Amino acid sequence: MSAHPLPPLTPVAGAPWLIDRLTNGHPVAAFGVRGARTPEIARLAKASGHEVIWVDLEHSTMPIDVAGQICACALDIGIMPLVRVPEREYGVIGRLLDAGAMGIIAPRVETAAQAADIVAACRFAPHGHRSAIGTLPLVQYRRMPADTLYRAADQATLVKVLVESPLGIRNMAEIAAVPGVGLLAIGTNDLSAELGVPGDFRDPAVRAAHESALEACRAAGKPLAIGGISDAAYSAELVRMGAAPLLMTGIDTDLLLAAAQARAAQAFATLS
């Protein structure tokens, strides 16, 4: 009896899709995960129209295996899973990518050398130092020649570097020029704090940092997302200036708090 034929392998949209969308000005909604601990959060993100989910390991106690399960679910249902790794702790990168993450967000990048180290952790040889593996969730655990698997994984995997300091801003042109860095971003909360104006997104020093970073990334031909801004009007202004329209709609903990506060207010209002 012949073996049952496997269904066709469905390609998964990854880094090229996201970079192309953002470069051409098409908005992409991204949902953050910090408090949830089950893959259902990926399904909720999908049901609410998000195309990207990002798991925050920098500011949570979530175990790697839980993050991997959430990423694998997102991969299965057709939304792109990214993970923000803990600051300066790049040893988990390979395990997260092996588990199903399609991209890594690396915080507090300040130099081109740091960016190059992150790229190397995300790429198989000869383009990096990611540890060899036999198969991946990316290809639905199919067996295939190693060079085919590694080429597909390298192409699909996004490297996003997060610049959050004045030094990083000064080195933005060199960071953006690093081969393999696909998307750059500014964390304005941290940047404004380090500039001595915490939370003042419209301070001239913050504005100058945004403008110089946009110019550096424009020259490198790479998209720059600017996050950490609670002022929707200012975010929209930055997009009109050329920032990538990666819409960080919120993190699960903040959204749950807002919904709980609204429900409590509604309940008390019924008694007045």
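Note: the structure precedes this text.
Okay, so let's go over this structure.

So, how was this worked out
Residues numbered from 1 in each chain as written. Predicted model: local features only at pLDDT ≥ 70, side-chain atom pairs only at ≥ 80, totals over all residues. Heavy atoms only, no water. Helix = DSSP H or I, 4+ residues; strand = E, 2+ residues; numbered from the N terminus. Rg over C-alpha atoms; globule rule 2.2 N^0.38 Å. Buried < 20%, exposed > 50% of the residue type's maximum accessible area, 1.4 Å probe, protein only. Areas by Shrake-Rupley, 256 points an atom, 1.4 Å probe, with all protein chains shown as cover. Lys, Arg positive; Asp, Glu negative; His and termini not counted. Charge placed at Lys NZ, Arg CZ, Asp CG, Glu CD. Polar contact = N/O pair within 3.5 Å; in protein donor to acceptor, adjacent residues only side chain to side chain. Phe/Tyr/Trp six-rings, centres within 6.5 Å; stacked < 30°, edge-to-face > 60°. Contact = heavy atoms within 4.5 Å.

**Details of the overall build of the protein**
Of the regular secondary structure elements, the protein holds 12 helices and eight strands. The C-alpha radius of gyration of the protein comes to 19 Å, within 12% of the 19 Å expected for a compact globule of 272 residues. Overall, the C-alpha framework of the protein stretches about 70 × 55 × 35 Å when taken along its three principal axes. Looking at the 272 residues of the protein, the share that counts as buried comes to 46%. In the form shown here, the protein has an accessible surface area of approximately 13100 Å², with 59% of it arising from carbon and sulfur atoms. Averaging the coordinates of the 22 positive side-chain charges in the protein and doing the same for the 26 negative ones gives two points 6 Å apart.

**Observations regarding the side chain of Ser-60**
On the secondary structure map, Ser-60 appears in the loop between strand E2 (52-56) and helix H3 (64-77). Judged by its relative accessible area of 19%, Ser-60 falls in the buried class. Of note is the side chain of Ser-60, whose polar atom sits 2.7 Å from the backbone oxygen of Asp-56. In this structure the side chain of Ser-60 is engaged in a polar contact, spanning 3.3 Å, whose partner is the backbone nitrogen of Met-62.

**Examining the packing of aromatic side chains**
The description of an aromatic ring pair rests on the distance of the ring centres and on the angle between the ring planes. The tally for this structure, following the rule as stated, stands at one aromatic pair. Centre to centre, the rings of Phe-124 and Tyr-150 are 4.2 Å apart; their planes meet at 20°, and the pair counts as stacked. Placement of the pair is Phe-124 in the loop between helix H5 (112-122) and helix H6 (146-156) and Tyr-150 in helix H6, with a sequence separation of 26 residues. As far as burial versus exposure is concerned, Phe-124 and Tyr-150 are alike and both buried.

**Some words on the environment of Thr-249**
In this structure, Thr-249 sits in strand E8 (residues 246-251). According to the relative accessible area criterion, Thr-249 is partly exposed, its value standing at 40%. With 125 residues separating them along the chain, Thr-249 and Phe-124 place their C-alpha atoms 32 Å apart. For Thr-249, the contacting residues outside a window of four places in its chain are Ala-29, Ala-30, Phe-31, His-50 and Leu-255.

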